[in-house]
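Analysis of the macromolecular model
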Amino acid sequence: MLERAATGGRITPDEALLLYTDAPLHALGETADAVRKRRYPDDVATYIIDRNINYTNVCVTACKFCAFYRAPGHSEGWTHPQEEILRRCAEAVDLGATQIMLQGGHSPELGMEWYEQTFAAIKREQPTLTLHSLGASEVVHIARTSGLDFGTVIARLRDAGLDSFAGAGAEILVDRPRTAIAPLKEKGAVWLDVMETAHGLGMESTATFMMGTGETAAERIEHLRMIRDVQDRTGGFRSFIPWTYQPENNHLKGRTQATSLEYLRMVAVARLFFDNVNHLQGSWLTTGKDIGQLTLHFGADDLGSVMLEENVVSSAGARHRSNRTELIDLIRGAGRIPAQRDTLYRHLVVHRDPADDPVDARVHSHFSSTLTGRTLPLAQPAVAS
Ligand code: SF4
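These figures come from a predicted structure and were not determined experimentally. Going along each chain's sequence as written, the residues are numbered from 1 onward. Selection of residues for local features in this predicted model requires a pLDDT of at least 70, selection of side-chain atom pairs for listing and counting requires 80 or more, and totals for whole chains, interfaces and linings are taken over all residues. Only hydrogens and water are set aside when side-chain values are computed; all heavy atoms of the structure are taken into account.

**What about the site of the ligand?**
Residues are classed as near a molecule or strand on a simple rule: at least one heavy atom within 4 Å of it. Cys59, Thr61, Ala62, Cys63, Phe65, Cys66, Tyr69, Gly105, His106 and Lys185 make up every residue found near the ligand. Gly is put with the polar residues, along with every residue not named as nonpolar or charged; the nonpolar set is Ala, Val, Leu, Ile, Met, Phe, Trp, Tyr, Cys and Pro, and the charged set is Asp, Glu, Lys and Arg. Taken together, the residues of the shell around the ligand break down into 6 nonpolar, 3 polar and 1 charged.

**Focus on the sheet that holds strand 1 (residues 44-48)**
Within a sheet, each strand pairs with its neighbour through backbone hydrogen bonds, oriented either parallel or antiparallel. One open sheet holds the 4 strands; their spatial order is 9-1-10-11, and the pairing between them is mixed. The open sheet terminates on both sides in strands that have one partner only, identified here as strand 9 (302-305) and strand 11 (347-350). Strand-to-strand twist of the sheet, defined as the mean angle between neighbouring strand axes without regard to direction, takes the value 30°. In terms of strand pairing, strand 10 (residues 337-341) meets strand 11 through 3 bridges, oriented antiparallel. Opposite Gln340, over in strand 11, you have Val349 as the bridge partner. Relative to the sheet, helix 14 (residues 324-333) contacts strand 1, strand 9 and strand 10, its axis offset from that of strand 1 by approximately 160°. In this scheme, strands are said to pair when DSSP sees at least two bridges between them. Under the DSSP-based scheme used, a helix requires at least four consecutive residues in state H or I and a strand at least two consecutive residues in state E, with every element numbered from the N terminus. Axis lines are fitted through C-alpha atoms, for helices just across the contact stretch, and the angle between N-to-C directions can take any value from 0 to 180 degrees. Only heavy atoms matter for contacts: two residues are in contact if any of them lie within 4.5 Å across the pair.

**Focus: the confidence of the model for the protein**
On a scale of 0 to 100, pLDDT captures the predictor's confidence in every residue. Across the protein, the average pLDDT comes to 89, with 87% of residues at or above 70. pLDDT under 50 marks residues 369-385. Its contacts with residues more than four places away, or in other chains, come to 39 contacts.

**Thoughts on the pairing of strand 2 (residues 50-54)**
Most of strand 2 sits inside the fold, with 5 of its 5 residues counted as buried. Relative accessible area decides the class of each residue, using a 1.4 Å probe on protein chains only: under 20% of the type maximum gives buried, over 50% gives exposed, and in between gives partly exposed. Neither face of strand 2 is open: one carries Asp50, Asn52 and Asn54, the other Arg51 and Ile53, and all of them are buried. Two elements, strand 2 and strand 3 (residues 99-103), share 5 bridges in a ladder whose sense is parallel. Each residue of the ladder has a partner; that of Asn54, found in strand 3, is Gln103. Orient the strands so they point away from the viewer, and a crossover whose first-strand-to-second-strand path over the helix runs clockwise is right-handed. For the handedness criterion, the β-α-β arrangement of strand 2, helix 4 (residues 82-94) and strand 3 is classed as right-handed.

**With respect to the nonpolar core**
Ranked by internal contacts, the top residues of the largest apolar core, which has 102 residues, are Leu157, Phe165 and Phe240. The element contributing the most residues to this core is helix 11 (residues 260-273), with 9 residues. Beyond its immediate stretch of four places on either side in the chain, Phe240 contacts Ala207, Thr208, Phe209, His223, Leu224, Ile227, Ala270, Phe274, Val277, His279, Leu280 and Gln281. By convention a nonpolar core is built from buried Ala, Val, Leu, Ile, Met, Phe, Trp, Tyr and Cys residues, the set being connected through side-chain atoms within 4.5 Å.

**Some remarks on helix 6 (residues 136-146)**
Buried residues dominate helix 6, accounting for 8 of its 11 residues. Among all positions in helix 6, only Ala136, Ser137, Glu138, Val139, Val140, His141, Ile142 and Ala143 are buried. Among the structural elements, helix 5 (112-125), helix 7 (150-160), strand 5 (164-165) and helix 9 (188-200) are those in contact with the buried residues of helix 6. Gly147 sits one or two positions beyond helix 6 and adopts a positive phi of about 65°.

In structure tokens form, the structure reads like this:
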């Protein structure tokens, strides 16, 4: 099976499960790395500078794994005014960000017009920023709030300036574990239906996987199968991004996280299974920088973002921080050539010579230390750079 996968053959879900549970770790990683190298013989591994802007923590969906949301009417609920969102966008541009990821709760106060006005204002003030934001769950929420169908919501978001959808909200798409952790969220089949509709309207996206909330190995592979089947029809998923559930401050507290070895095995199997998805992102935010670096030897070709701001996953316990210099070092230390990319994975700066590496103490990850959504001023680095 590994030989077939290494030479570009397709593996079945049953084979993927067997590889995930039983393949020798090093052979699995070596094969995934061979597939990565066949796709990207230049040995470049990428990162992006972006900012997550969480516009509201008010949410009616009440996912059990979420430490970020507050129910409508809660005294700790907040929604940023448009001026604050625009200020954060301007700050991100000043720090070299090329992408904004707007993510937030499902607030009953925010309908179609709020999103249209916000996206249009950002594009008007910051035309260079790519809006890679929201996700299928937000489309479902807006459709419900505003009485529209999915296609209309997607088309109106696109026309207002949204460039592509983030893969957030996928969590795990399989019914049993999804219902256990997010009973009020749309079914996995609906999440995929929205993505397929978006791809059909020219809006590409990514796909994610939050592993470690109690799902079985077979359910993990089934999540991959569901995404691959849609990708066979649309080709609209640019990348697959697995990450591990963070267990603090939520109603699932006490459940086991996926281990680092399980995470690495998942990254490798994803590279082998997704013969139709171009990019595979390793997570350092939830697994730590060492494991993030190791993913580059298990099939990943991208380490994601420096993340100038993040509030959601950090609320649930992710405490890893990084900065641009460190991400470049991680990539170089893994024997790859670092490159800053844009949302479309085009290389903006290839760091071939370490002597030319950028040293910019301002470009570091910047996470909320509270559940209020307020972050420290970016001018005051929260971590050593
Ligand atoms: S994960 Fe998103 S949809 Fe679920 S409760 Fe948190 S903010 Fe709401």
